[in-house]
Amino acid sequence: AQSVTQLGSHVSVSEGALVLLRCNYSSSVPPYLFWYVQYPNQGLQLLLKYTTGATLVKGINGFEAEFKKSETSFHLTKPSAHMSDAAEYFCAALGNQFYFGTGTSLTVIP
Amino acid sequence: GAGVSQSPRYKVAKRGQDVALRCDPISGHVSLFWYQQALGQGPEFLTYFQNEAQLDKSGLPSDRFFAERPEGSVSTLKIQRTQQEDSAVYLCASSLDPSGYEQYFGPGTRLTVT
């Protein structure tokens, strides 16, 4: 069975500071991995995805994530937080179906 | 349309009532998925259609939940005899490819059962 774990249900950073949202997956075979962002009362929007190839994946809005097989991790980073980054972030893995983490709420402090 | 749409956006039902939630996927998208997102949780898979065929309904929590996509486009998720534990946001997503590799999500329907 596959599962996705997001460490930290709430993360607060100052505007301009590094954003780091953690995600670990559990799978015998590395699945496809995704990060989604959800703004209030909106659906999920794809930030980035990893399938095969380059382990450092760049997405929209300056976000990137690195797939580390040895650590079964796919952490999301952004060098400099912006107020508009405040939202809920979900890590997901696609095996035979999509498995989502429980989400991390990002607060950006001005 | 430009994206996945869902209606209604908000639904309040009394316990025991039946509800029907509609999803309009992106035109031409083969795959359609339904998810249930409880408060403070990530979305959980309910069911999956490829065209009009329901290929996976393993996530439906009980036989009170029923989904259909009769013509391979619009889909309806029906919940019979609603219970309080059914209160959640129901998300629909569609994908151009059968694997559901890249899914586009609708805004969701927030169901509150009182």
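Look above for the structure.
Computed from a predicted structure; not experimentally measured.

### Thoughts on the overall build of chain B
Part 1: A count of helical and extended segments in chain B gives zero helices and 11 strands.
Part 2: A compact globule built from 114 residues should have a C-alpha radius of gyration of about 13 Å, and chain B, at 13 Å, falls within 12% of that.
Part 3: If one aligns the C-alpha atoms of chain B with their principal axes, the spans along those axes are about 40 × 25 × 25 Å.
Part 4: Sequence-distant contacts, at least 24 apart, represent 54% of the contacts inside chain B between residues at least 6 apart.
Part 5: Taken together, the 11 basic and 12 acidic charged side chains of chain B have centroids lying 10 Å from each other.

### Remarks on the sheet that holds strand β1 (residues 3-7) of chain A
All names here are of chain A.
Part 1: The antiparallel open sheet is built from five strands, whose spatial order is β1-β3-β8-β7-β6. Of all strands in the sheet, those with a lone pairing partner are β1 and β6 (56-58), marking the two edges. Neighbour-to-neighbour, the strand axes of this sheet turn through a mean angle of 20°, independent of strand direction.
Part 2: Strand direction decides the pairing type here: β6 and strand β7 (residues 64-68), joined by three bridges, are antiparallel. Within β7, the residue paired with Lys-58 across the bridge is Glu-64.

### A short note on the interface of chain A and chain B
Part 1: Counting residues at the interface gives 18 residues for chain A, matched by 21 residues for chain B.
Part 2: Here chain A meets chain B over a buried area of about 1500 Å², counting both sides, of which 53% is carbon and sulfur.
Part 3: Remark: the boundary between chain A and chain B carries one salt bridge.
Part 4: Across the pair Glu-102 of chain B and Lys-49 of chain A runs a salt bridge, and its minimum N-O distance is 3.1 Å.
Part 5: Linking chain A with chain B are two residue pairs in polar contact (both at pLDDT 80 or more).
Part 6: Elements with a contribution of two residues or more to the side of chain A that touches chain B: β4 (32-38), β5 (44-50), β9 (87-94) and β10 (98-100) of chain A.
Part 7: It is β4 of chain A that contributes the most residues to the side of chain A that touches chain B, four residues altogether.
Part 8: When its residues are assigned to classes, the side of chain A that touches chain B shows nine nonpolar, eight polar and one charged.

Calculation rules
Residues numbered from 1 in each chain as written. Chains lettered and ligands numbered in written order. Predicted model: local features only at pLDDT ≥ 70, side-chain atom pairs only at ≥ 80, totals over all residues. Heavy atoms only, no water. Helix = DSSP H or I, 4+ residues; strand = E, 2+ residues; numbered from the N terminus. Rg over C-alpha atoms; globule rule 2.2 N^0.38 Å. Contact = heavy atoms within 4.5 Å. Lys, Arg positive; Asp, Glu negative; His and termini not counted. Charge placed at Lys NZ, Arg CZ, Asp CG, Glu CD. Pairing = 2+ DSSP bridges. Axes fitted to C-alpha atoms, helices over the stretch in contact; angles between N-to-C directions. Buried area = accessible area lost by both parts, 1.4 Å probe. Salt bridge = Lys/Arg side-chain N within 4 Å of Asp/Glu carboxyl O. Polar contact = N/O pair within 3.5 Å; in protein donor to acceptor, adjacent residues only side chain to side chain. Nonpolar A, V, L, I, M, F, W, Y, C, P; charged D, E, K, R; others polar.

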